[in-house]
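Topology and contacts: notes
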Amino acid sequence: MKAFIRKYRYVWLAFGLLLFGYYFSLPDTLFQNSYSTIIEDRNHKLLGATIAPDGQWRFPEGNMVPEKFKTAIILFEDKRFYHHPGVDVRALARATHQNLASGRVISGGSTLSMQVIRLSRKNKARTFLEKVIEMVLATRLEFRYSKEEILQLYAAHAPFGGNVVGIEAACWRYFGRDATELSWAEAALLAVLPNNPALIHPGKNRHQLKVKRDRLLERLMTAGMFDSLTYELAIAESIPENPVALPRFAPHLLGRVMKEGYNGKRVVTTIDKSLQERLNELVHYHHEKLKGNRVFNAAALVVDVKTGRALAYVGNTAAGSAHGDAVDIVMARRSTGSILKPILYAALLDEGKMLPATLQPDVPTLINGFSPQNFTKEYDGAVPANQALIRSLNVPAVHQLRDYRYEKFYELLKNTGISSLNQPADHYGLSMILGGAEGSLWEITGMYASMARTLNNFFEVPGSNRYSKNDFHAPTYLQSDSLKQRNLEASSWLSASAIYLTFDALQEVYRPGEQTGWRMFTNSKKIAWKTGTSHGLRDAWAIGVNGEYAVGVWVGNADGEGRPGLTGTESASPIMFDIFGQLSGSRWFSAPQYELHEIEVCINSGMRATDLCATKVKQLVTINGLQSGTCRYHQRIHLSADKKFRVHSDCESITRFITEPWFILPPVQEYYYKTKNISYKSLPPLRSDCVNPATVITMDVIYPRANARIFIPRQLDGKPGNALLEAAHRQPGAVIYWHLDGSFQASTRGTHRIAVAPTAGKHQLTLVDDAGNIAEQVFSVISEN
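First, a word on what this report is: a plain description of the structure on this page. Sequence positions are assigned chain by chain, starting from 1 and proceeding in written order. Confidence filtering applies because this is a predicted model: local features only for residues at pLDDT of at least 70, side-chain atom pairs given and counted only at 80 or more, and all residues used for totals across whole chains, interfaces and linings. To get the side-chain values, take all heavy atoms of the structure and skip hydrogens and water.

**Focus: the overall build of the chain**
- Going along the chain from the N terminus, every DSSP run of H or I of four or more residues is numbered as a helix, and every run of E of two or more is numbered as a strand. Assigned secondary structure in the chain consists of 22 helices and 26 strands.
- Relative accessibility under 20% of the residue-type maximum defines a buried residue, over 50% an exposed one, and the middle range a partly exposed one, all with a 1.4 Å probe and only protein chains included. A burial count over the chain gives 53% of its 785 residues as buried.
- Contacts are assigned to residue pairs that have any heavy atoms within 4.5 Å of one another. Once local pairs closer than 6 in sequence are excluded, the contacts in the chain between residues at least 24 apart make up 65%.
- For every accessible area listed, the method is Shrake-Rupley and the probe measures 1.4 Å; residues are considered covered only by the protein chains on display. Element-wise, carbon and sulfur atoms account for 52% of the exposed surface of the chain, whose accessible area totals about 36500 Å².

Right, here's the structure in full:
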């Protein structure tokens, strides 16, 4: 035996080398092609696709071949496909006989396995040597892949005429639908196309193609694949004329997928195709109305609260390239307007810095040169916190942020989902709450969804550890993304109770065109929602949320052009409500009773009630709200017997006092408050023989505020300009005497305003009223008159 092996060792070596070469003859990756990038919805329905970099419509390889096409292609190309090892000797013999008889090549005898090899080798010249190579590699292909996998490779890479490659691309380009929906006529047509795609395709030689297709249909009928009626119906189907456009249901999401590294991939998204189509139509409908005001762009996003998955993604309108329709507004960083105010409101409730209806100052304000104004340019003096949120008042929000500290709010925003804050907190300052910070529709809608998720998940587990900070996360559009693991803790970035009270306040916001609350909305769906409008009327926002969905809408111009009437309420919220009308779920949130506590609050101040508060109401508050301050606006005052004047022990006998509780606002707040609240009772004046006690402020400077630095521009004609100084007095008929740097300027009664022209530098303003009360204010002028 050893002698035998030694004698034929070179034969064995050659055989081994041949076997080694045969084993490695097939490359690891059979096809080195570029592919189209395609996105599918959560049910694998096509949403959109791009052409491959080489100009071909070639979809990434799939794992399914339509049964009708499989039956047709096997019968047409390789009827013994399931029985040969890659090479069909009988087919080769038949082809050889036919070619010799005709004197030219009319049949190649290639199996589907051999055709896969030829396609992978880029259809090299059909020589005898190439045919042998194809035969060898086809047998090797059969060792590596199953018959079904070989069919999948063929179906994905076969040419179907023009620049269409693969069964999936062909179905969409020629028939406008998915491969699983093929008729017998369509399957037969696609089966015959790869046989000679350069000569025959639906755009030309249609008669020749129909003859070829019908011949195959007849063979299929003869083989018992269908009956004669189906055959008659099949041959009656026409041949498609020109290729049709592929679906473009989510073009901006497709562009985002490519930017994020999924080029040439098949990406299964979380989008619901049916909902996406409805939202496309809905946004287009509103766009047609908005462009009458030269507002050309809009975007909408729907997020599932439980999972954070995006169900619909409308990145922009079809406004044309001149109006930036290629911009993906969902991901664009835009001024947030007032859309972040609910997060601040919830944070203040969470820390017990205020209760839901605690009075907030709403007066002219100047803080380190920053002077916020309400959208209406009016002031209420003092307004309950929940009403300030509902009405989106700017001045109270700035006071709230100053109390909370903008540095801390900055960190809260980053922790709850706003990742686009790429400057330090000092860069944004107090303007952060009014749109000074930028955010994307993706981030903001995700943040509202995370708040809702935190509230819903509070009820998922018993005990004290009910929170997971992982509930705050950005949305996802990838079906393959797994749900975030919940690591339970005792607290999160915001408590369930604070979120619930915030959403409860937001559901009372007036609907567009209505003067009533949510009950007037279609089907009485409860929705917590907030609008936002950026400075200059450039961005209109509307974000809404219930127990199942978060909906975000942005309206504006991609180039940042502002337009009259471009507000969140008028432009964005109608779209948001129409979207909610398309959603089936309407579940509202359960109250986290474990964290809510009922207390008595003063109906006037919204603070914890004291014995001085005349009217009290029950109010749910967070656990930290139990430690909030008591009502500081109700004070005891002493009145004369006729209750017309205030008195005190220095001017009236104690036995003749009438002591009553009185709701007293600071003078500047009262000045504006009483114009909006006719029931407000100003303090009675002091009786003339009584000395003014130091406990009540009678007069205050509205403008300028303490240590303000003001700029006085020159007028258009170059003359020096004036500064308009303003004060408030508790007594309507009081006279105020104005002094600037010790020099008398003027006296005012009723409306207390004067115009002055101070020089650059530091100045002292002194006000004296006719009762001898004094108010002083120091300010600086930084312009030279």
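**Observations concerning empty space enclosed by the protein**
- A cavity here means a set of 1 Å grid points, computed over protein atoms only, where a 1.4 Å probe fits but cannot escape. A pocket is an open set with protein on both sides within 12 Å along at least 5 of 7 lines, and lining residues have an atom within 4 Å of a point. Grid points are joined across faces, edges and corners, and a volume is the space filled by probe spheres set on the points. Applying the stated criterion to the full structure yields 3 cavities of 30 Å³ or more.
- Roughly 80 Å³ of volume is contained in the largest cavity.
- If you go around the largest cavity, the residues you meet are Phe59, Pro60, Gly62, Asn63, Met64, Val65, Gln152, Ala155, Ala156, Gly166, Ile167 and Glu168.
- Secondary structure elements with two or more residues in the lining of the largest cavity: helix H7 (147-157) and helix H8 (167-175).
- Examining the composition of the lining of the largest cavity, we find that 3 residues originate from one element, H7, more than from any other.
- Three categories are distinguished: nonpolar for Ala, Val, Leu, Ile, Met, Phe, Trp, Tyr, Cys and Pro, charged for Asp, Glu, Lys and Arg, and polar for the others, with Gly belonging to the last. Classifying every residue of the lining of the largest cavity by side-chain character gives 7 nonpolar, 4 polar and 1 charged.
- Estimates place the volume of the second largest cavity at around 60 Å³.
- Within the residue set of the lining of the second largest cavity, elements represented by two or more residues are helix H14 (341-351), helix H15 (385-390) and helix H16 (394-404).
- Tallied by class, residues from the lining of the second largest cavity come to 7 nonpolar, 1 polar and 1 charged.

**Digging into the sheet that holds strand S13 (residues 539-545)**
- When DSSP finds two or more bridges between a pair of strands, those strands are recorded as paired. One open sheet accounts for 5 strands, arranged S7-S6-S14-S13-S12; its pairing is antiparallel. With partners counted over all chains shown, the strands left at the sheet margins are strand S7 (310-314) and strand S12 (528-533), one partner each. Strand-to-strand, the axes of this sheet are offset by a mean angle of 10°, without reference to chain direction.
- Note: S13 against strand S14 (residues 549-556), 7 bridges, orientation antiparallel. Along S14, the bridge assignment pairs Trp541 with Trp554.
- Running at roughly 35° to S13, helix H21 (residues 568-582) makes contact with strand S6 (297-304), S12, S13 and S14 of the sheet. Structural elements are reduced to axes, namely lines fitted to C-alpha atoms, with helices fitted over the stretch in contact, and the angle between N-to-C directions of any two is expressed from 0 to 180 degrees.

**Topic: a nonpolar patch on the surface**
- Without a salt bridge and with relative accessible area above 30%, a residue can belong to a patch; like charges are then joined within 9 Å and nonpolar side chains (Val, Leu, Ile, Met, Phe, Trp, Tyr) within 5 Å. A pair is scored as a salt bridge if a Lys or Arg side-chain nitrogen falls within 4 Å of a carboxyl oxygen belonging to Asp or Glu. Together, Phe128, Val132 and Val136 make up a nonpolar patch on the protein surface, roughly 290 Å² of accessible area in all.
- Classification of Val132 by relative accessible area gives partly exposed; the value is 32%.

**Some thoughts on the packing of helix H5 (residues 112-120) against H7**
- Running from amino to carboxyl end, H5 crosses H7 at an angle of 50°, the nearest separation of the two axes being 9 Å. One finds that H5 runs oblique with respect to H7. Along this stretch, H5 crosses H7, giving a crossing that reads as left-handed. Residues Leu112, Ser113, Gln115, Val116 and Leu119 of H5 touch H7, and the partners they reach there are Ile150, Leu151, Leu153, Tyr154 and His157.
- Tallied by class, the residues present in the contact of H5 with H7 amount to 7 nonpolar, 3 polar and no charged. Orientation categories follow fixed angle ranges, with anything under 35 degrees roughly parallel, anything over 145 roughly antiparallel, 65 to 115 roughly perpendicular, and all other angles oblique. Each helix crossing is assigned a hand: it is left-handed if the near helix lies turned anticlockwise from the far helix by less than a right angle, otherwise right-handed if that turn is clockwise.

**Some points on the side chain of Thr37**
- Checked against the element boundaries, Thr37 lands in the loop between helix H2 (9-23) and strand S1 (38-40).
- A relative accessible area of 2% places Thr37 in the buried class.
- Within polar-contact distance, the side chain of Thr37 engages the backbone nitrogen of Gly264 at 2.7 Å.
- With residues near it in sequence (within four places) discarded, Thr37 still touches Gly48, Ala49, Thr50, Leu254, Val257, Met258, Tyr262, Asn263, Gly264 and Lys265. Here a polar contact means two N or O atoms within 3.5 Å. Within protein one must be a hydrogen donor candidate and the other an acceptor candidate, and residues neighboring in sequence count only if both atoms are side-chain atoms.

**Let's talk about the sheet that holds strand S5 (residues 266-268)**
- On the basis of which strands lie adjacent, the open sheet formed by 3 strands has the order S2-S1-S5 and mixed pairing. Because the sheet does not close on itself, it has two edges, and the strands there are strand S2 (46-49) and S5. Averaged over all neighbouring strand pairs, the angle between strand axes comes to 20°, with direction disregarded.
- Helix H12 (residues 251-259) contacts S1, S2 and S5 of the sheet and is inclined by roughly 120° relative to S1.

**Concerning the environment of Ser338**
- Counting through the fold element by element, Ser338 comes out in the loop between strand S8 (334-335) and H14.
- With 195 residues separating them in the primary sequence, Ser338 and Thr533 have C-alpha atoms 6.4 Å apart.
- Filtering out sequence-adjacent residues up to four positions away, Ser338 remains in contact with Ser392, Asn394, Ile433, Lys530, Thr531, Gly532 and Thr533.
- In terms of polar contacts, Ser338 uses its side chain to reach the side chain of Ser392, at 3.1 Å.

**Some remarks on helix H3 (residues 67-77)**
- Among the residues of H3, those classed as buried are Phe69, Lys70, Ala72, Ile73, Ile74, Leu75 and Glu77.
- Where H3 is buried, its residues meet H5, H7, H8, helix H9 (184-192) and helix H10 (206-222).

**Description of H12**
- For H12, the complete set of buried residues consists of His252, Leu253, Leu254, Arg256 and Val257.
- Check the buried side of H12 and you find it contacts S1, S2, S5, S7 and helix H19 (441-457).
- Positive phi shows up at Gly261, right after H12, with a value of about 95°.

**A word on the packing of H14 against H16**
- Between H14 and H16, the shortest axis-to-axis distance is 10 Å and the interhelical angle comes to 45°. Between H14 and H16, the interaxial angle falls into the category oblique. The handedness of the crossing between H14 and H16 comes out as left-handed. Residue-level contacts link Lys341, Leu344, Ala347, Leu348 and Glu351 of H14 to Asn394, Ala397, Gln400, Leu401 and Tyr404 of H16.

**What to know about the packing of aromatic side chains**
- The rule is short: rings of Phe, Tyr and Trp, with Trp giving its six-membered ring, pair when the centres are within 6.5 Å, and they are stacked under 30 degrees, edge-to-face over 60, tilted in between. Counted according to the given criterion, the structure contains 18 aromatic pairs.
- Each ring, one from Phe81 and one from Tyr82, has its centre 5.1 Å from the other, and the planes form 70°; the classification is edge-to-face.
- We classify Tyr82 as partly exposed; its relative accessible area is 39%.
- Each ring, one from Phe663 and one from Tyr673, has its centre 6.4 Å from the other, and the planes form 65°; the classification is edge-to-face. Placement of the pair is Phe663 in strand S18 (residues 658-663) and Tyr673 in helix H22 (residues 667-676), with a sequence separation of 10 residues.
- Charges are assigned to positions over rings by a cutoff of 6 Å between ring centre and Lys NZ or Arg CZ, combined with an angular limit of 35 degrees from the ring normal. Lying across the ring of Phe81, Lys147 places its NZ or CZ 4.6 Å from the centre.
- The residue whose ring lies beneath Lys408 is Tyr404, and the NZ or CZ to ring-centre distance is 4.4 Å.

**As for the pattern of salt bridges**
- Taken as a whole and assessed by the stated rule, the structure comprises 30 salt bridges.
- Of the charged contacts, one joins Asp539 and Arg334 as a salt bridge, the two residues approaching to 2.7 Å between their closest N and O atoms. With a gap of 205 residues between them, Asp539 in strand S13 and Arg334 in strand S8 connect regions that are remote in the sequence. Of the two residues examined, Asp539 and Arg334, each falls in the buried class.
- Linking Arg656 and Glu652 is a salt bridge whose minimum nitrogen-to-oxygen distance equals 3.9 Å.
- Bridged by salt links that share partners, the residues Glu378, Asp380, Arg391 and Lys676 form one connected network.

**A few points about the state of the cysteines**
- We call a pair of cysteine sulfur atoms a disulfide when they lie within 2.5 Å. What the rule picks out here adds up to 1 disulfide.
- One disulfide bridge connects Cys651 with Cys690, the sulfur atoms lying 1.8 Å from each other. Because the torsion about its S-S bond is 90°, the bridge between Cys651 and Cys690 counts as right-handed. Of the two residues, Cys651 is situated in the loop between strand S17 (634-639) and S18 and Cys690 in the loop between H22 and strand S19 (699-703); the sequence distance between them amounts to 39 residues.
- For Cys651, a relative accessible area of 12% puts it in the buried group.
- With no disulfide of its own, Cys602 lies closest to Cys613 among cysteine sulfurs, the gap being 3.4 Å.

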